[in-house]
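# Structural description and commentary
Residues per chain, in single letters:
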Amino acid sequence: MKVYIFLAITSLTFGFHERVVSNPSPGPYNAIFNFGDSLSDTGNFLASGALSYPVIGKFPYGQTFFNRSTGRCSDGRLVVDFIAEAYELPYLPPYLALTKDQNIHPGVNFAVAGATALDTKFFIEAGLGKFLWTNDSLNIQLGWFKKLKPSLCTTKQDCDSYFERSLFLVGEIGGNDYNYAVIAGNITQLQATVPPVVEAITTAINELIAEGARELLVPGNLPIGCSALYLTLYRSGNKEDYDGNGCLKGFNDFAEYHNKELKLALKTLRQKNPHARILYADYYNVAKRFFHAPGHHEFSSGALRACCGGGGAYNFNMSARCGHIGSKVCADPWTHANWDGIHLTEAAYRYIAKGLIYGPFSYPPLKTSPYKIA
Ligand SMILES: *[C@@H]1O[C@H](CO)[C@@H](O)[C@H](O)[C@H]1NC(C)=O
Ligand SMILES: *[C@@H]1O[C@H](CO)[C@@H](O)[C@H](O)[C@H]1NC(C)=O
Ligand SMILES: *[C@@H]1O[C@H](CO)[C@@H](O)[C@H](O)[C@H]1NC(C)=O
Ligand SMILES: *[C@@H]1O[C@H](CO)[C@@H](O)[C@H](O)[C@H]1NC(C)=O
């Protein structure tokens, strides 16, 4: 809340204050509920102990915007923070750190860094159990939402009118279901994991609609072949493996395959749920813009090399990751798209958020925001 007040004083225009004072009618959304992983976790993983990634609890995480580590896997704000700003809502409090007197009506965040779309059992059976950062899968997060619901609204009528004006962000989720196999170095089953991952996302959307959700934004996967993690682990001497942007073609094709299957599933969901608005957030193509021409989009240090890391061609070193001994943070994170090799910078997340809010990367579009994020 403190941060929100700070924001309202320093970065919103005079016109905004005028409007709030003279006209209390709120924007198109009265609340945001978010489910996902480290791309949108605002503190749940840290609140749960962050045993497998304790460095997110200290600098340089959070150095650009919050000036303290919040549990966000970045130097500052995430896409979900910029969406909250655009709709004049407070930053979402993490569910696992809610306090008794917290105002939860403008929304809550259930995302957990490391979370998967599939439940833990799947990874244990695939021999990947020891790689998991967390067991708080999409299903677990959905359970938290259901548990909290009676504190948000009571009667069906009350809930319907409240959720009518709520935005549900379902993802990005699923990226980790693939990451764990990639990190383990066994990608033989990657393709076969896509249908169950998409199915898990579909199930969650159906359940949310049954709970009353009417507007849901569902992001696809990023161009993971451009990620410093993948580029480092799967470095190749064969030029043919790279596209014109220096990204690994095979992994980008894989991300597109996941996205294609997800979009097909959303199409079916829309037909079955004509009373809900189900939006696809095209993370892949909005990010592709800065991977293709980083300098043109103000990422003058390029989009592939991490700002914070332990050296190497992409400044990513598994044994000296950002925040660990042997790693260094760049002086100008706002000129980088990649933050720590795995996650993006605040600047990159702002770029993505703008593409979703002001178009054209949300299909169909989000409701118009009266406020322009800087
Ligand atoms: C950021 O936090 C540090 C303490 O962690 C403090 O010394 C510094 O003054 C803060 N900077 C700003 C701009 O608030
Ligand atoms: C790779 O993973 C698959 C299942 O996900 C498993 O059947 C196979 O044994 C694994 N291969 C190795 C070399 O671990
Ligand atoms: C996940 O659950 C398993 C048991 O099912 C447990 O052994 C493991 O420690 C848990 N992992 C985390 C990161 O909480
Ligand atoms: C990665 O980090 C380790 C530990 O600090 C170091 O020994 C190694 O040389 C680093 N590798 C590269 C490529 O910088």
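Up top you'll find the structure we're talking about.
In what follows, the accompanying structure is described. Source: prediction; values computed, not measured.

Rules of the game
- Residues numbered from 1 in each chain as written.
- Chains lettered and ligands numbered in written order.
- Predicted model: local features only at pLDDT ≥ 70, side-chain atom pairs only at ≥ 80, totals over all residues.
- Heavy atoms only, no water.
- Pairing = 2+ DSSP bridges.
- Helix = DSSP H or I, 4+ residues; strand = E, 2+ residues; numbered from the N terminus.
- Contact = heavy atoms within 4.5 Å.
- Axes fitted to C-alpha atoms, helices over the stretch in contact; angles between N-to-C directions.
- Salt bridge = Lys/Arg side-chain N within 4 Å of Asp/Glu carboxyl O.
- Buried < 20%, exposed > 50% of the residue type's maximum accessible area, 1.4 Å probe, protein only.

### Examining the sheet that holds strand β5 (residues 277-281)
The mixed open sheet is built from six strands, whose spatial order is β2-β1-β3-β4-β5-β8. Strands with a single pairing partner mark the edges of an open sheet, and in this sheet they are β2 (107-109) and β8 (362-363). Where strand β1 (residues 31-35) lies against β2, three bridges are found, and the strand directions are parallel. Pairing of Phe33 across the sheet is with Val108, part of β2. Contacting β1, β3 (166-170), β4 (215-219) and β5, helix α9 (residues 190-211) runs over the sheet at an angle of about 165° to β4.

### What about the pattern of salt bridges?
Inspection of the entire model under this criterion finds ten salt bridges. For Lys121, the salt bridge goes to Glu125, with nearest N and O atoms at 3.3 Å. Of this pair, Lys121 and Glu125 both sit in helix α5 (residues 120-125), separated by four residues, roughly a single helical turn. With respect to class, Lys121 is no different from Glu125; both count as exposed. Between Glu215 and Lys367 there is a salt bridge, and its shortest N-O distance comes to 3.3 Å. With Glu215 in strand β4 and Lys367 in the segment after β8, this pair connects stretches of sequence that are 152 residues apart. In this structure Glu215 comes out as buried when scored by relative accessible area, which is 3%.

### Digging into the pairing of β5
The element β5 is largely enclosed, with a buried count of four among its five residues. Alignment of β4 against β5, held across five bridges, turns out to be parallel. Residue pairing in the sheet places Leu216 in a bridge with Ile278 of β5. Pairing analysis gives two bridges linking β5 to β8, with the strands arranged antiparallel. Looking at β8, one finds that Tyr280 is bridged to Tyr363.

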